[in-house]
Amino acid sequence: MKIFLVGFMGCGKSSLGGEVARRAGLGFLDTDREAERIAGASIPEIFRTRGEEWFRELECHIIEGLPEGEDDIVVALGGGAVCREGVMEMLSEAGTTVYLKMSSESLFFRLAATERTKRPKIAGMDDAQLRDFIETSLAVRERFYELADIILECDPLTDEQIIEQILNLVKQ
Ligand code: S3P
């Protein structure tokens, strides 16, 4: 079983996905960490020295390898990774795609509490710019996320409840 977690940056794909994998005894892969491993550099360094286009190509390369990769795995995909034509469909064929859906307001509170320099797309933004960025990008990206096989409305759920819901999927 392959579970692909998609959604906007900050929705918890990596932290919650890692916990799901640990509890279910599945493998775990985070496309951002994989990109860093291949590039031998952090995401901010990749963006700074090679540029976003280069990062997106590497991301593409990683995603294309997922269908043939390890079975029984939870994969956390970077927020922009599935926002290209055909990617969601390809992942749906290879496994189950799950959208961790959150409102822009919730995403703002979660992202505002993190170290913004770790995410080049929001590095250096003040709160007003961050709010604006989230609303604008989510409006563009959501049509891709909404192609997921399962859409989990996360706003009313605690992290523990989100983990349990994903674990239920794994058990089915
Ligand atoms: C990005 C999201 C990040 C990472 C990169 C770009 C994006 O992943 O891939 O900073 O464009 O949304 P997370 O969604 O894990 O933060």
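Preceding block: the structure.
Residues numbered from 1 in each chain as written. Predicted model: local features only at pLDDT ≥ 70, side-chain atom pairs only at ≥ 80, totals over all residues. Heavy atoms only, no water.

A. Representation of the pairing of strand β1 (residues 2-6) in the model. Judged by how many residues are buried, β1 sits mostly within the fold: 5 of 5 residues are covered. Alignment of β1 against strand β3 (residues 73-76), held across 4 bridges, turns out to be parallel. Note that in β3 the partner of L5 across the bridge is A76. With 4 bridges connecting them, β1 and strand β4 (residues 96-101) associate as parallel partners. Of the residues in β4, the one forming a bridge with F4 is T97. (Buried < 20%, exposed > 50% of the residue type's maximum accessible area, 1.4 Å probe, protein only. Helix = DSSP H or I, 4+ residues; strand = E, 2+ residues; numbered from the N terminus. Pairing = 2+ DSSP bridges.)

B. Representation of the pattern of salt bridges within the structure. In this structure the tally under the stated criterion is 17 salt bridges. Here D127 and R116 are joined by a salt bridge, their closest N and O atoms 2.7 Å apart. Taken together, the positions of D127 in helix α7 (residues 127-145) and R116 in the loop between α6 (104-112) and α7 put the pair 11 residues apart, joining distant regions of the chain. Classification of D127 by relative accessible area gives partly exposed; the value is 40%. Overall, R116 belongs to the buried group, its relative accessible area being 15%. The network of salt bridges with common partners includes E52, R56, E59, R84 and K121. (Salt bridge = Lys/Arg side-chain N within 4 Å of Asp/Glu carboxyl O.)

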